[in-house]
Amino acid sequence: MLACSNCGAENRADTEHCLECGITLKTGESATDPWAGRLIAQRFKLVRKLGDGGMGEVYEAIQHPIGR
């Protein structure tokens, strides 16, 4: 079982996303980035970090539920 780092819910080891909050569970590459997989404003899921600089970080995101 894997405990979700966002909400603490227990999930099966082969589950990619938390069944309670939807965050991507910390495995592999996403384990190094605390923001990857998070849901922002109930509709934008952060996929991966594209870059960073003096003013912040830029992430690729998917807008749910339309998937763009």
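Above this note sits the structure.
In this numbering scheme, every chain counts its residues from 1 along its sequence in written order. Totals for whole chains, interfaces and linings use every residue, but because this is a predicted model, local features are given only for residues with pLDDT of at least 70 and side-chain atom pairs only at 80 or more, for both listing and counting. Side-chain measures were taken over the full set of non-hydrogen atoms in the model, leaving aside hydrogen atoms and water.

A short note on the overall build of the chain
What the chain contains, in helices and strands, is zero helices and five strands. Split into buried and exposed, the 68 residues of the chain put 24% on the buried side. If you take every contact in the chain between residues at least 6 apart in sequence, the share linking residues at least 24 apart comes to 5%. Here the open area of atoms and residues is found with the Shrake-Rupley method and a 1.4 Å probe, where only the protein chains shown may cover a residue. Looking at the chain as shown, the accessible area adds up to about 5,000 Å², and 52% of this sits on carbon and sulfur atoms. Helix numbers and strand numbers start at the N terminus; a helix is a DSSP run of H or I with at least 4 residues, a strand a run of E with at least 2. Working definition: with a 1.4 Å probe on protein chains only, accessible area under 20% of the residue-type maximum means buried, over 50% means exposed, and in between means partly exposed. We call two residues contacting when some pair of their heavy atoms lies within 4.5 Å.

Digging into the pairing of strand β4 (residues 44–53)
Summarising the sheet, strand β3 (residues 39–40) and β4 pair through two bridges and their orientation is antiparallel. Paired with Leu 39 across the bridge in β4 is Lys 45. Here β3 hands over to β4 after three residues, with Ala 41 in that stretch at a positive phi of 55 degrees. When DSSP finds two or more bridges between two strands, those strands count as paired. Linkage of β4 to strand β5 (residues 56–63), two consecutive antiparallel strands, is achieved through a turn of two residues.

Here's the deal with the pattern of salt bridges
For this document, the term salt bridge refers to a Lys or Arg side-chain nitrogen within 4 Å of an Asp or Glu carboxyl oxygen. With the rule as written, the count across this model stands at three salt bridges. The partner of Glu 60 in a salt bridge is Arg 48, with the nearest N and O atoms 2.7 Å apart. Here the residue Glu 60 occupies a position in strand β5, and Arg 48 occupies one in strand β4, the gap between them amounting to 12 residues. What makes Arg 48 partly exposed here is its relative accessible area of 43%. Taken together, the shared-partner salt bridges connect Lys 49, Asp 52 and Glu 57 into one network.

By themselves, these figures tell us nothing about what the structure is for.
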